[in-house]
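Remarks on the overall topology
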Amino acid sequence: MRWPGLLLVVLSACTTEGDSSSSISVPLTSGTYAGTYAVPTVSDELTAAALFEVAEVHWTVIGSTVTLDYDLPEALVGGKVGVTLSGSTRGDDTALTLTGENGVGTCTASASIVSCSEDLQNLGTLPVDPSVIEAHATLDGHSVIDRTAVANLFGSDPIGIVRFDLTRPVVDDHGGGGGGGGGGGGGGND
């Protein structure tokens with residue numbers, strides 16, 4: 001069952017948190033940021049259990065192509081499930097639609113927060129491993145019953161919102177180019 005009105009309400013709440021300004025253009029610079037993933041729920045009791053940390057959200061801009069790439073939280077899906085969505089920008093977009101094998105998302109920015117409302121697909125059978133969800137719930141201090149309910153809801157209707165804060169960049173240590181700190185040597189205590 002789809003909850004488009006609820007998703008809009010959650011998206012609206014997420015994009016204006018801490019700032020009353022209207023949407024601004026989505027960022028045109030690449031980076032890796034700490035983020036969150038929120039699953040819309042119809043029950044107030046599940047709201048706290050429906051918010052998850054995302055260690056790395058990759059926002060890559062090459063020319064006019066923007067790519068959003070991250071792993072859904074293991075605490076939500078019970079294993080490694082990646083999401084990659086891409087789209088074209090004119091350079092001044094206040095809302096940018098990204099698509100891919102994993103579905104579709106619409107990204108907006110407000111102050112330093114980028115929010116992407118997503119309707120996902122082709123994620124495989126979810127949850128991948130329910131015991132992983134239970135273990136994360138215990139470690140994170142959430143009710144196993146509530147986190148399992150959110151995971152089952154997401155597995156049957158994979159919609160949610162990934163958010164990241166441009167003021168919270170993280171170092172991407174997962175290979176590829178770029179890592180390493182930019183040189184500069186060690187201070188020269190010869």
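Check the entry above for the structure.
Below you will find a few notes about this structure. (Residues numbered from 1 in each chain as written. Predicted model: local features only at pLDDT ≥ 70, side-chain atom pairs only at ≥ 80, totals over all residues. Heavy atoms only, no water.)

Under the criterion given, the structure shown has four salt bridges. Salt-bridge contacts for K80 lead to D71; the nearest nitrogen and oxygen are separated by 2.6 Å. Classification of K80 by relative accessible area gives exposed; the value is 66%. Between D93 and R90 there is a salt bridge, with its nearest N and O atoms 3.3 Å apart. Exposure remark for D93: the relative accessible area of 5% places this residue in the buried category. A residue is classified by how much of its surface remains accessible, and R90, at 68% relative accessible area, is exposed. Several salt bridges converge on common partners, so that one network encompasses R90, D92 and D93. (Salt bridge = Lys/Arg side-chain N within 4 Å of Asp/Glu carboxyl O. Buried < 20%, exposed > 50% of the residue type's maximum accessible area, 1.4 Å probe, protein only.)

Another point: the packing of helix 3 (residues 130-140) against helix 4 (residues 144-156). Their axes nearest at 9 Å, the elements helix 3 and helix 4 cross at an angle of 130 degrees. Accordingly, the angle class assigned to the pair helix 3 and helix 4 is oblique. Pair helix 3 / helix 4 crosses with right-handed handedness. Listed contacts from helix 4 to I133, E134, A137, T138 and D140 of helix 3 are V144, R147, T148 and A151. In terms of residue class, the contact of helix 3 with helix 4 is built from four nonpolar, two polar and three charged. (Axes fitted to C-alpha atoms, helices over the stretch in contact; angles between N-to-C directions. Helix = DSSP H or I, 4+ residues; strand = E, 2+ residues; numbered from the N terminus. Parallel < 35°, antiparallel > 145°, perpendicular 65-115°, else oblique. Left-handed = near helix turned anticlockwise from the far one by under 90°. Contact = heavy atoms within 4.5 Å. Nonpolar A, V, L, I, M, F, W, Y, C, P; charged D, E, K, R; others polar.)

Inspection of the secondary structure puts I62 in strand 2 (residues 51-62). Separated by 33 residues in sequence, I62 and T29 place their C-alpha atoms 8.7 Å apart.

Going through the model one piece at a time under the given rule, you end up with four aromatic pairs. Ring centres of Y37 and Y70 lie 6.2 Å apart, and the angle between their planes is 35 degrees; this geometry places the pair in the tilted category. Remark: Y70 occurs in strand 3 (residues 65-71) and Y37 occurs in strand 1 (residues 31-38); sequence separation between them is 33 residues. Both residues of the pair, Y37 and Y70, belong to the buried class. Taking 5.8 Å as the distance between ring centres and 85 degrees as the angle between the ring planes, the aromatic pair formed by Y37 and F154 counts as edge-to-face. Separated by 117 residues along the polypeptide, Y37 in strand 1 and F154 in helix 4 bring together distant segments of the chain. Residue class for F154 comes out buried when judged on its relative accessible area of 0%. Members of the aromatic cluster, joined through ring pairs, are Y33, W59 and F164. (Phe/Tyr/Trp six-rings, centres within 6.5 Å; stacked < 30°, edge-to-face > 60°.)

Note: strand 1 against strand 8 (residues 159-169), five bridges, orientation antiparallel. Bridge assignment links A38 to a residue of strand 8, and that residue is I161. The pairing of strand 7 (residues 113-120) with strand 8 spans seven bridges and is classified as antiparallel. Residue pairing across strands places D119 opposite I159, the latter belonging to strand 8. (Pairing = 2+ DSSP bridges.)

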